[in-house]
Amino acid sequence: MSFSSPPAIDEFAQTVFSASGTFTTPANSTASTVYRYRMVGGGGGGGGANGAGASGSGGGAGAYAEGTFTGVAPSTGVTITINAGGGGGSSAGGNGSTGGSAVIDTPVSITAGGGAGGIGSTSGSSTNNVGGAGGTVTGAPAINQAGGRGDPAIFSGTTTGVGGSGAASPFGGAGGGSGAGFGAGFAATGYGSGGGGGVGTTAGGGAGGGGVVIIERVSG
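Structural notes, computed from the coordinates. It should be emphasised that the depicted structure is a prediction, and the values quoted were computed from it without experimental measurement.

This part covers the sheet that holds strand β6 (residues 102-104). Reading across from one edge, β2-β5-β6-β7-β8 is the order of the 5 strands in this open sheet, with antiparallel pairing throughout. The open sheet has two edge strands with one neighbour each: β2 (21-24) and β8 (137-138). Two elements, strand β7 (residues 110-112) and β8, share 2 bridges in a ladder whose sense is antiparallel. Bridging from a neighbouring strand, Thr111 pairs with Thr138 of β8.

Counting through the fold element by element, Val218 comes out in strand β12 (residues 212-219). Through-space distance from the C-alpha of Val218 to that of Thr33 is 7.8 Å; in sequence the pair is 185 residues apart.

Looking now at unusual backbone geometry. Backbone phi values are negative for most residues with the exception of glycine, while trans is the configuration of most peptide bonds. In this chain, Thr106 is followed by Pro107 through a cis amide linkage whose omega measures 15°. Considering the arrangement of structural elements, one finds Pro107 in the loop between β6 and β7. Phi angles above zero are rare outside glycine, and Ser109 is one such case at about 55°. Tracing the backbone shows Ser109 in the loop between β6 and β7.

What follows deals with the environment of Gly67. Locating Gly67 in the fold gives a position in strand β4 (residues 64-69). Considering only alpha carbons, one finds Gly67 and Arg36, 31 residues apart in sequence, at a separation of 5.8 Å. Ignoring anything within four residues of it in the chain, the contact list for Gly67 reads Tyr35, Arg36, Tyr37 and Ala142.

What counts, and at which threshold
Residues numbered from 1 in each chain as written. Predicted model: local features only at pLDDT ≥ 70, side-chain atom pairs only at ≥ 80, totals over all residues. Heavy atoms only, no water. Pairing = 2+ DSSP bridges. Helix = DSSP H or I, 4+ residues; strand = E, 2+ residues; numbered from the N terminus. Contact = heavy atoms within 4.5 Å.

This is how it looks when you write it as structure tokens:
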């Protein structure tokens, strides 16, 4: 579910932001009301491939943060910024793009960074042996979890290979790498997970999953 400008939540309701918007504290809340947040940055795109046996590696997952905040007056807007996951590497063997960050502005001031893109390949060699790095968190949440690194590409001689899978975020749904032979990498289906790498000639990488912020009222 996506809201460009989500409505104010009711007591103990949950608001999911998969696009940028504003979280507005309920009119019936107080400055002592406690809110819980969970968030993840966008996943990196998988690397593309273009060559006999060429294989792209998987994209890294976005960073995950979780915590609570309080001290916000009723009917106050808190800016939420959600960026997209990284695009898959081009079918010319390009690298995947880095995923965008997810941000909760003041008073929370937490940024969950996006995962790095996987590495593209233009030859059936073992040089592409590392996936995209995971994102990191800026701020001081109660739970601070860097994103996982994408899987490396696997090479089986000069004519076949296997694309690396993207790293999964806590929301799951990482994109798989293309199987041995030929094919584009698979896009991530979960928030913040990395895309898979392509294999063969003119095979693009899969896109990473976009970021998300989830806020719920837990007391008051």
